[in-house]
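Spelled out, the chains give:
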Amino acid sequence: MMNRRKKRVIVGMSGGVDSSMTAALLKEEGYDVIGVTLQVWPSGDAPGQKGCCTITEIDDARRVAYQLGIPYYVMNFRTYFEEHVVDYFTGAYVRGETPNPCLACNRYVKFTELWRKAQGLGADYVATGHYARICQDQERGRWILAKGLDASKDQSYALYMLTQEQLSHILLPLGEYRKARIREMARQLGLSVVADKPDSQEICFVPDRDYAGFILRRKPEAARPGNFVDRQGTVLGRHQGILHYTVGQRKGLGVTFAKPMFVIGLDAEHDEVILGENDQTYTQTLWAMDMNWIAIPALTGPLPVTAKIRYRAAEAEAVVSAEMSDSAGCVQVDFSQRQRAVTPGQAVVFYQGNRVLGGGTIISDPLGRKKRIPFSV
Amino acid sequence: MQRVYMDHSATTPVASEVIEAMLPYFSEKYGNPSSVHSFGREAKVALEEARGQVAALIGANPEEITFTSGGTEADNLAIFGAAAAYTKKGRHLITTAIEHHAVLESFEYLEKNGYELTILPVDAEGIISLAELEKALRPDTILISVMHANNEVGSIQPIAEIGALAKERGIWFHVDAVQSLGKLPIAVQEMHVDLLTVSGHKIYGPKGIGALYARKGVRLDARAFGGGQEKKRRSGTENLPGIVGFGKACELAGAHLAAEAQRLQKLRDQLLQGIIDRIPYVKINGPVGDQRLPNNVNVSIQYVEGESLLLSLDMVGIAASSGSACTSGSLDPSHVLLAMGLPHEIAHGSLRFSLGTQNSAEEVDYVLDHLPQIVERLRVMSPLYDAVKQQSTAK
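Predicted model only: the values in this text are computed from it and were never measured. (Residues numbered from 1 in each chain as written. Chains lettered and ligands numbered in written order. Predicted model: local features only at pLDDT ≥ 70, side-chain atom pairs only at ≥ 80, totals over all residues. Heavy atoms only, no water.)

## Considering the overall build of chain A
And then number 1: Across its full length, chain A holds 8 helices and 17 strands.
And then number 2: Whereas a compact globule of 377 residues would reach a radius of gyration of roughly 21 Å, chain A reaches 22 Å, a difference of no more than 12%.
And then number 3: Along the first, second and third principal axes, the C-alpha atoms of chain A reach 75 × 55 × 35 Å.
And then number 4: Looking at chain A residue by residue over its 377 residues, the buried ones come to 56%.
And then number 5: Per element, the accessible surface of chain A, about 16,600 Å² overall, is 50% carbon and sulfur.
And then number 6: Here chain A contributes 46 positively and 41 negatively charged side chains, and the mean placements of these two sets differ by 3 Å. (Helix = DSSP H or I, 4+ residues; strand = E, 2+ residues; numbered from the N terminus. Rg over C-alpha atoms; globule rule 2.2 N^0.38 Å. Buried < 20%, exposed > 50% of the residue type's maximum accessible area, 1.4 Å probe, protein only. Areas by Shrake-Rupley, 256 points an atom, 1.4 Å probe, with all protein chains shown as cover. Lys, Arg positive; Asp, Glu negative; His and termini not counted. Charge placed at Lys NZ, Arg CZ, Asp CG, Glu CD.)

Okay, here's the thing in structure tokens:
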């Protein structure tokens, strides 16, 4: 008989197939599993909406937990989520950035606040259904984050901000599986409520994808119309407010031009949307700050890497180097091939092979304009 | 694992005598009380016997009892029914800040639809002031609704005094007595109560059954129309097994009321004292002594979240509650504690134990064995508690 108690793990369960199977796999491995759904947003706001904290999703998570025979709780993270994710999201748009709220949620809600509450329940680990892998480098003792086995589902990008301490108590069992296999196992286990659910795509608190409408309901003062201008500052027309636009956007500008025009920059100070032709959306260099390094303790010299400038972007060859003039951890990234629509507010994540080297928040646009961001992911 | 149920204000197990009384009414005596044949007649007899049992527990006449699907429906019938029937007399309504949502939300709906509403505040112990009530009364006031005992903090309101005041002014007086039924003596005549809500599943009866007492002479517009059952106040075929069970539960509650209240009060004080003795930085919410329900313990354990406490207690088999659970099961700070003037963060750390028949002194000890450890573990992680401890050792 074992004289040590089983290791306890809190699994964040959303009511989807990935987090359900995370709980199932850990239970099978012999962990003492507790399922938790994070209620992050008032439920039932708009009837019929689909998002991560609707009553239906919670009911599904509860049913799976019951089927697996594990304790299950709904925990209230509403105030915390509003402060660290929703306010950041709206604030970033107003500043002319394009934020990724899922990264903020991972960083502050799931792997900070949920972990804090998990410890209160005596947990040794917290687990999520992300497709990525964590292991320890035996020689150097560092915790390593690597891509998931299923390259098409890899979610390591969304975890680049994890610290060594956090990595040491996170379990990501799905990293070893392909998505199709996960669905198959869910069916075999009789988890029929979740096995064939479609993957969630949208931002959970804006299920209708109308970000501008959402921001304007919370911050009506953000509705500030301004000018479309070109690189030289020539006025090309009027727009309804910079929060309706994102770098690289072509459709929905509300004005027709002789040539196809794209957003190549947003100037919140002057409420200007800078437009250019397709060629001007490309740039060879970007800058990023608020860096987190995983595979290395710090960046000491230029490193060849592959870099991803947004979640769905392909990796591209680049050299990352510390910006000399800077002590705030700002880096410069020089790509071998020009990149389209480098967007301030998004994360750039660096890889060496399958390993995540680290990452940070992009602070420059296709025009090469750099801006310090006071609060970022 | 041992399991200890201390959430009787949420619901209670059905007593075996109650189940036994109900059983024949599922498949033997299944008649519809409205039918003329022998099946109908035996059902009708049972219906009226149960009505008598419910009436007896609160000192009412049987014909003053209307069966409903539960406390919520009875509250709704009293409030909407009286508001609609007396709208020509006036449109002013009075209630308190600590009512159950079945009452508060009904009034808030009326307020949005042409009525005026005064919500009385409560003091730090959760009790309203008669002087405040008197000030709020107006010539066009048609209804006052004040709960007998609060479901969260157990505070008992001065019902007889309020009733006297209402009677003097000719204003109808509704009392939500869901939590006090079977725990405190209720006498609708002496207390001058005109409308009173009761529920089955809080007194070891089945879920899905409740009743509204309405004094003879009080007009209530119906909320459900149809076959005209329950004197046209509540149409729909009667839930006879539930009604029979509720009647039996009322009979049992009446028989054991005094002795059980005394027993529960002892357990309550043992638990309350034990918590205060073993855990620092604890605040008792609600009054102490006779102003409090005999089975209610509500404490705010500072520097700990109520949610974490509840979950940790559940993991050692102890069922308690905190705040009011919303549909999804996650928790908001209680409107009752906020109305009593508790700061948000202290309201968040509240914990309610509500005792019942099967609880014993051993079970109270079980809770007292586990709760201090859980609190200590959770406090270790609280930066706020760290600061407080350092301050107190520095002194």
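What follows continues from the structure just given.
## Notes on the pattern of salt bridges
Residue and element names in this part refer to chain A.
And then number 1: Summed over all chains, the structure comprises 39 salt bridges over all chains.
And then number 2: Between R369 and D365 there is a salt bridge; the shortest N-O distance is 2.7 Å.
And then number 3: Residue class for D365 comes out buried when judged on its relative accessible area of 2%. (Salt bridge = Lys/Arg side-chain N within 4 Å of Asp/Glu carboxyl O.)

## A look at the nonpolar core
And then number 1: Among the nonpolar cores identified, the biggest contains 84 residues, and F81 and F205 of chain A together with L351, F353 and L371 of chain B are the most heavily contacted of them.
And then number 2: Contacts of F205 of chain A, omitting those with residues within four sequence positions, involve W41, F81, V85, V86, F89, P101 and F214 of chain A.
And then number 3: One finds Y25, V193, I209 and A249 of chain B within the second-largest nonpolar core, a separate group that totals 62 residues. (Core = buried A, V, L, I, M, F, W, Y, C linked by side-chain atoms within 4.5 Å. Contact = heavy atoms within 4.5 Å.)

## Quick notes on the domain arrangement of chain A
All names here are of chain A.
And then number 1: According to the domain assignment, chain A consists of domain 1 (8-195), domain 2 (224-276) and domain 3 (282-362).
And then number 2: One C-alpha centre belongs to domain 1, the other to domain 2; they are set 37 Å apart.
And then number 3: Contacts between the two partners involve 5 residues from domain 1 and, on the opposite side, 5 residues from domain 2.
And then number 4: When domain 1 packs against domain 2, the two sides together hide about 450 Å² of surface, and 58% of this comes from carbon and sulfur.
And then number 5: If you sort the residues of domain 1 by the area they bury against domain 2, Y93, V94 and G96 come out on top, with a joint share of 74%.
And then number 6: The tally of links from domain 1 across to domain 2 stands at 0 salt bridges.
And then number 7: In terms of residue class, the side of domain 1 that touches domain 2 is made up of 2 nonpolar, 2 polar and 1 charged. (Domains from an automatic or database assignment. Buried area = accessible area lost by both parts, 1.4 Å probe. Nonpolar A, V, L, I, M, F, W, Y, C, P; charged D, E, K, R; others polar.)

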